[in-house]
Amino acid sequence: MRGIAVVVLGIVLAVAGCGAPPAEPPLNADDVMFVQMMVQHHRQGIEIAKLGAERARSPEVRTLTAAIETTQQDEVEMMLRWLHDWEQPLQAGEGAHDHHGGMPETDVKRIRALKKSKDFERDLLDLLIAHQGDAARMAQEEVASGINPAAKAWAGQVESSRRGQVEMMKNLVQG
């Protein structure tokens with residue numbers, strides 16, 4: 001009798017689980033805004049890092065900027081997949097960032113000026129220190145206000161890694 005009960009229970013559990021779609025992970029507006037903002041922020045970081053990989057003289061700076069470029073390109077692709085999976089726009093509407101702690105973008109004029117810089121490595125590192133510091137602050141906001149487990153976990157990694165990069169770059173500047 002006990003064996004029959006186990007079989008019946010197994011069938012009931014199997015049938016009950018078959019029709020139910022898997023639960024979607026939780027998501028809020030802060031998660032979406034963070035990812036939308038970070039896509040744009042990363043694209044600027046990639047642009048800056050490409051310049052460093054091409055023009056930097058020191059092997060440490062070339063290696064660091066090449067790593068930033070590669071990592072951030074992979075992260076952009078991941079974030080775009082998230083937005084697609086979440087059925088969210090790839091970009092927020094104009095002015096939407098202002099209501100979510102809108103971090104200023106890295107000034108396009110500063111990126112253009114970097115291309116012509118006479119003290120390229122110093123200016124590159126100064127720009128990247130500010131840029132990666134902004135990324136760490138944006139990630140910190142996501143950790144505090146987001147609810148999506150994957151976005152929050154990744155934001156924690158971003159915060160830690162970017163703060164580490166900032167410290168490394170400060171040491172290179174002082175070096």
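None of these values were measured; they are calculated from a predicted model.

### Re the nonpolar core
Here's step 1: One finds Phe-34, Val-35, Met-38, Met-79, Trp-82, Trp-86 and Trp-154 to be the most contacted residues of the largest nonpolar core, which totals 21 residues.
Here's step 2: Listed by contribution, the elements that provide at least two residues to this core are helix 2 (29-55), helix 3 (59-85), helix 5 (120-145) and helix 6 (149-174).
Here's step 3: When residues of this core are assigned to their parent elements, the largest contribution, 8 residues, is made by helix 2.

### So, the packing of helix 2 against helix 6
To characterise two packed helices, one gives the angle between the axes of the helices and the distance between these axes.
Here's step 1: Across the interface, helix 2 lies against helix 6 with an axial gap of 11 Å and an inter-helix angle of 40 degrees. Relative to helix 6, helix 2 is oriented oblique. Between helix 2 and helix 6 the crossing geometry is left-handed. Contacts from Asp-31, Phe-34, Met-38 and His-42 in helix 2 reach Ala-151, Trp-154, Ala-155, Val-158 and Arg-162 in helix 6.
Here's step 2: Partitioned by chemical class, the residues of the contact of helix 2 with helix 6 number 6 nonpolar, 1 polar and 2 charged.

### Things to note about the packing of helix 5 against helix 6
Here's step 1: In contact at an axis separation of 8 Å, helix 5 and helix 6 are set at 155 degrees when each is read in the N-to-C sense. As summarised for this structure, helix 5 and helix 6 are arranged roughly antiparallel, according to the angle between their axes. As helix 5 packs across helix 6, the resulting crossing turns out to be left-handed.
Here's step 2: Of the residues belonging to the contact of helix 5 with helix 6, the class tally is 14 nonpolar, 5 polar and 9 charged.

### As for the side chain of Ser-117
Here's step 1: Relative to the helices and strands, Ser-117 is located in the loop between helix 4 (108-115) and helix 5.
Here's step 2: For Ser-117, the side chain forms a polar contact with the main-chain nitrogen of Asp-119, separated by 3.1 Å.
Here's step 3: At a separation of 2.5 Å, a polar atom in the side chain of Ser-117 contacts the side chain of Asp-123.
Here's step 4: When near neighbours in sequence (up to four residues on either side) are disregarded, Ser-117 contacts Arg-55 and Asp-123.

### Here's the deal with a positive patch on the surface
Here's step 1: There is a patch of like positive charges on the surface, built from Lys-109, Arg-112, Lys-115 and Lys-116.
Here's step 2: With respect to the element layout, Lys-116 can be found in the loop between helix 4 and helix 5.

Criteria and thresholds
- Residues numbered from 1 in each chain as written.
- Predicted model: local features only at pLDDT ≥ 70, side-chain atom pairs only at ≥ 80, totals over all residues.
- Heavy atoms only, no water.
- Core = buried A, V, L, I, M, F, W, Y, C linked by side-chain atoms within 4.5 Å.
- Buried < 20%, exposed > 50% of the residue type's maximum accessible area, 1.4 Å probe, protein only.
- Helix = DSSP H or I, 4+ residues; strand = E, 2+ residues; numbered from the N terminus.
- Axes fitted to C-alpha atoms, helices over the stretch in contact; angles between N-to-C directions.
- Parallel < 35°, antiparallel > 145°, perpendicular 65-115°, else oblique.
- Left-handed = near helix turned anticlockwise from the far one by under 90°.
- Contact = heavy atoms within 4.5 Å.
- Nonpolar A, V, L, I, M, F, W, Y, C, P; charged D, E, K, R; others polar.
- Polar contact = N/O pair within 3.5 Å; in protein donor to acceptor, adjacent residues only side chain to side chain.
- Patch = residues over 30% accessible without salt bridge, like charges linked within 9 Å, V, L, I, M, F, W, Y side chains within 5 Å.
- Areas by Shrake-Rupley, 256 points an atom, 1.4 Å probe, with all protein chains shown as cover.
- Salt bridge = Lys/Arg side-chain N within 4 Å of Asp/Glu carboxyl O.
- Lys, Arg positive; Asp, Glu negative; His and termini not counted.
- Charge placed at Lys NZ, Arg CZ, Asp CG, Glu CD.

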